[in-house]
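Descriptive analysis of the structure
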Amino acid sequence: MSAIEEEEVRGGLFKDINAEDEDQQPTVIESLCMNCYENGSTRLLLTKIPFFKEIIISSFTCPHCNWTNTEIQSAGRIQEQGVLYTLQVKTKEDMNREVVKSDGASTRIPQLDFEIPAFTQKGSLSTIEGLLERAVAGLEQDQPTRKVTDPAAAEKIEKFIERLKKLKEGEEEFTLTIDDPSGNSFIENPFVPQKDTALTVTHYKRTPEQNAVLGIETEEEVEDEKPSNDLDAMKNEVLVFNTNCPECNAPANTNMKLVQIPHFKEVIIMATNCDSCGHRTNEVKSGGATEELGTRITLHVTDPSDMSRDLLKSETCSVLIPELEFEFGMAALGGKFTTLEGLLKDIKDLIVSKNPFMCGDSTTSDRAEKLELFGQKIDKIIAAEMDVHIILDDPAGNSYLQNVYAPDPDPEMKIEKYTRTFEQNEDLGLNDMKTEGPLKSCNLEKNNESQVLCAFHWHLTFIETT
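Residues numbered from 1 in each chain as written. Predicted model: local features only at pLDDT ≥ 70, side-chain atom pairs only at ≥ 80, totals over all residues. Heavy atoms only, no water.

1. Considerations on the overall build of the protein chain
Check the secondary structure of the protein chain and you find eleven helices and 27 strands. For the protein chain, the proportion of its 466 residues judged to be buried stands at 35%. Considering only residue pairs separated by 6 or more positions, the protein chain has 60% of its internal contacts joining residues 24 or more positions apart. Just so you have it, the protein chain exposes about 27900 Å², and 50% of that area is on carbon and sulfur atoms. (Helix = DSSP H or I, 4+ residues; strand = E, 2+ residues; numbered from the N terminus. Buried < 20%, exposed > 50% of the residue type's maximum accessible area, 1.4 Å probe, protein only. Contact = heavy atoms within 4.5 Å. Areas by Shrake-Rupley, 256 points an atom, 1.4 Å probe, with all protein chains shown as cover.)

Structure (C-alpha cells):
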C-alpha cells in the first residue's frame, strides 16, 4: 500500500471533529461495568483534531447503576519529543479552548501552587473550564467525610475550591501548564494558522527516566548499554559455580569476577565461602596469557604509607626480603590481590602463627625463638621502622605492585624485565607447550604437573578470547 493510499484509509477512519457530520457515528460495543459488574455499553469514536492528530474517544454508560466514564487515548505513537504547553488564561473565552490531556501529562497552575501529577487521571478530551471543573469535583468528593474526621483540613480545602471556582468563572487571570513527555497532549489555538500570543509550545528531549516511565528506550541508550564484547560483559558480572569446601568437603559456592587493575591488566578474583564450617578462601589468577618476559619488582620501604599499596601476587611469584635473608617460593600462599601490609601479615601468619612446628612435641626453644624474632621484624617492616627492600619476582610477568606516582616513575620502586631461564620455563610448563595451529595444544607426555599447568594456561586464554 502506497503512502497516499494509507493516508486515504486513515482519513476515512479518522475524521475531523464536526457536530454536523451525520456520517460520523460511534462504534458501540458491550462492556462490563466495573461499578456494579453488570453489562453496559461503550461507544468508541475515531476522530481527528484539526491541526493536531488522531485520537480515540471512548464513553461508557451503565443502564443499571447509571455509572458513566469518558476517556481519550492517542491513536498515534509516542512522539519523538515531549511537549510543554504554557497558556496565559486572561479572558472568559479562553475557558472554551479544547484540551487533550493524555494519561502521562501533568497539569499545573503556578499561582495556586496546584498540580495534577501524571498518571493520576485518565486521558481526557475537554476544555480549560472542564479541567478546572474536574479538579473541583475531585476535591469536593471526600469533603463530607473530611469535615468530620479533619475539620481543619476540610476548611483549607474549601477555601482552595473557592479559588478554583473563581478561576473557572474568569474572575482572575492565571497560567496553565501541561507537561507531557509522550508529546500527545494538546491545547487548542483558536487563531490557527496565526500565532497565539497567549500560548507557548515548547518541545524537548525526554530524559532517560521519562523514557523508562513511558516504557521506551532510544537507540542511543541501547547502544550505550550494549557491551562492546563478551569480555566487557564478564567485567560487570559475577559468575557463581558449585564446588566443595577444601576444609570440610561440604558443598559450597565459588564466586568469580574479572577485574581491571589500573595501569596493569585484567585479573580473575575467585572467592569461596563455606556455610557449613565458615571457611573462607580467596585466590587471584591472571586474566591474560604468560608474558614474554619475566618481571622483578623491587620496592624500597621508606614510609608507613607504602603498606597501603595495592599488590597482586600471582601463583608463580616469589617474595624476597634480602635484609632478612628471607625468600618465599612460588605457589606459596597462592594468588592474592591485597595490599603490601596484607601480604606481610599473611607471610607472618603462615610462618609464625600457623606453623605446625611452633606447637606440640615438634617445637624446640631455639626454633620458636627464631620464628618469634622473625615475626617481630615483620611487624617493624609494617610500621616502617626497618629499612628493607621487598622483591616480587614473577617469571610469568603477571604480578603487580601499585605505583603511587603513576603515570610518572616511582623513585622508590624498580621494575625489571628479564628473559626466563630454561628451568623457569620448565617450572611454568612452557617448554612442552606448542602454540602452532588455530588452538594452543600441549604435549602431555611429560608429567601430571605439566598437564595441569598447560590446561590452566589454555583455560585463561580461552576466557580472554571468548
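2. Digging into the sheet that holds strand β12 (residues 186-187)
Ordered by their spatial adjacency, three strands build an open sheet running β10-β7-β12, and the pairing between neighbours is antiparallel. Sheet topology places β10 (124-127) and β12 at the edges, where each strand pairs with a single neighbour. Helix-sheet contacts for helix α2 (residues 128-140) involve β7 (98-101) and β10, and the interaxial angle to β10 is about 110°. (Pairing = 2+ DSSP bridges. Axes fitted to C-alpha atoms, helices over the stretch in contact; angles between N-to-C directions.)

3. Digging into the packing of helix α8 (residues 340-353) against helix α9 (residues 365-382)
Relative orientation of the contacting elements α8 and α9 amounts to 175°, with a least axis distance of 10 Å. One way to sum up the angle between α8 and α9 is to call them roughly antiparallel. The residues of α9 that touch α8, namely those facing Glu341, Leu344, Lys345, Ile347, Lys348, Ile351 and Val352, are Leu371, Phe374, Gly375, Ile378, Asp379, Ile381 and Ile382. Classifying every residue of the contact of α8 with α9 by side-chain character gives nine nonpolar, one polar and four charged. (Parallel < 35°, antiparallel > 145°, perpendicular 65-115°, else oblique. Nonpolar A, V, L, I, M, F, W, Y, C, P; charged D, E, K, R; others polar.)

4. A closer look at the side chain of Thr175
Structurally, the position occupied by Thr175 is in strand β11 (residues 174-180). Residue class for Thr175 comes out buried when judged on its relative accessible area of 11%. Engagement of the side chain of Thr175 in a polar contact is seen with the side chain of Gln88, the distance being 2.9 Å. (Polar contact = N/O pair within 3.5 Å; in protein donor to acceptor, adjacent residues only side chain to side chain.)

5. Things to note about the packing of aromatic side chains
All chains considered together, the criterion is met by three aromatic pairs. Ring geometry for Phe60 versus Trp67: centroids 5.9 Å apart, planes at 55°, classification tilted. Pairing Phe326 with Phe374 gives two aromatic rings, centres 5.1 Å apart and planes at 45°, and the pair type is tilted. Highlighted residues: Phe326 in strand β21 (residues 326-328) and Phe374 in helix α9, separated in sequence by 48 residues. We classify Phe326 as buried; its relative accessible area is 12%. The side chain of Arg296 reaches across the aromatic face of Tyr418, ending 4.6 Å from its centre. (Phe/Tyr/Trp six-rings, centres within 6.5 Å; stacked < 30°, edge-to-face > 60°. Lys NZ or Arg CZ within 6 Å of the ring centre and 35° of its normal.)

6. Some thoughts on the confidence of the model for the protein chain
Of all residues in the protein chain, 75% attain a pLDDT of 70 or more, and the chain-wide mean is 77. Of all secondary-structure elements in the protein chain, the lowest mean pLDDT belongs to helix α11 (residues 448-465), at 40, while β11 reaches the highest, 93. The low-confidence segment residues 1-11, where pLDDT is below 50, has three contacts with residues more than four positions distant or belonging to other chains. Confidence drops under a pLDDT of 50 for residues 439-466, and excluding neighbours within four residues, the segment shows 37 contacts in the predicted structure. (pLDDT = per-residue confidence, 0-100.)

7. Some thoughts on the side chain of Asp410
Looking at where Asp410 falls in the secondary structure, it is placed in the loop between β24 (400-401) and β25 (413-418). Assessed through its relative accessible area of 6%, Asp410 is described here as buried. Among the polar contacts listed, one links the side chain of Asp410 to the side chain of Arg309, at a separation of 2.6 Å. With residues near it in sequence (within four places) discarded, Asp410 still touches Arg309, Asn403, Val404 and Tyr405.

8. Comments concerning the sheet that holds β24
Spatially, three strands are ordered β22-β19-β24 in an open sheet, and the strand pairing comes out antiparallel. Unpaired on one side and paired on the other, β22 (336-339) and β24 mark the two borders of the sheet. Sheet contacts for α8: β19 (310-313) and β22; angle to β22, the most-contacted strand, approximately 110°.

9. Some remarks on α8
The end-to-end C-alpha separation of α8 is 19 Å, in line with the 20 Å expected for 14 residues at 1.5 Å each. For α8, the complete set of buried residues consists of Leu340, Gly342, Leu343, Leu344, Ile347, Ile351 and Val352. (Expected span 1.5 Å × (residues − 1).)

10. So, the pairing of strand β8 (residues 106-109)
Looking down a regular strand, the side chains alternate between one sheet face and the other. For β8 and β11, the ladder comprises three bridges, and the chain directions are antiparallel. Note on β11: the bridge partner recorded for Thr107 is Ile178. Judged from the three bridges that link them, β8 and strand β9 (residues 114-116) form a sheet pairing that is antiparallel. Looking across to β9, one finds that Arg108 is bridged to Glu115. Where β8 folds back onto β9 in an antiparallel hairpin, the turn is made up of four residues, including Asp113, whose phi is positive at roughly 55°.

11. A word on the pattern of salt bridges
By the definition in use, this model includes 13 salt bridges. The partner of Arg108 in a salt bridge is Glu115, and the shortest N-O contact between them spans 4.0 Å. As a salt-bridge pair, Glu169 and Lys168 come within 3.7 Å of each other at their nearest N and O atoms. Via salt bridges that share partners, Lys92, Lys168 and Glu169 belong to a single interconnected network. (Salt bridge = Lys/Arg side-chain N within 4 Å of Asp/Glu carboxyl O.)

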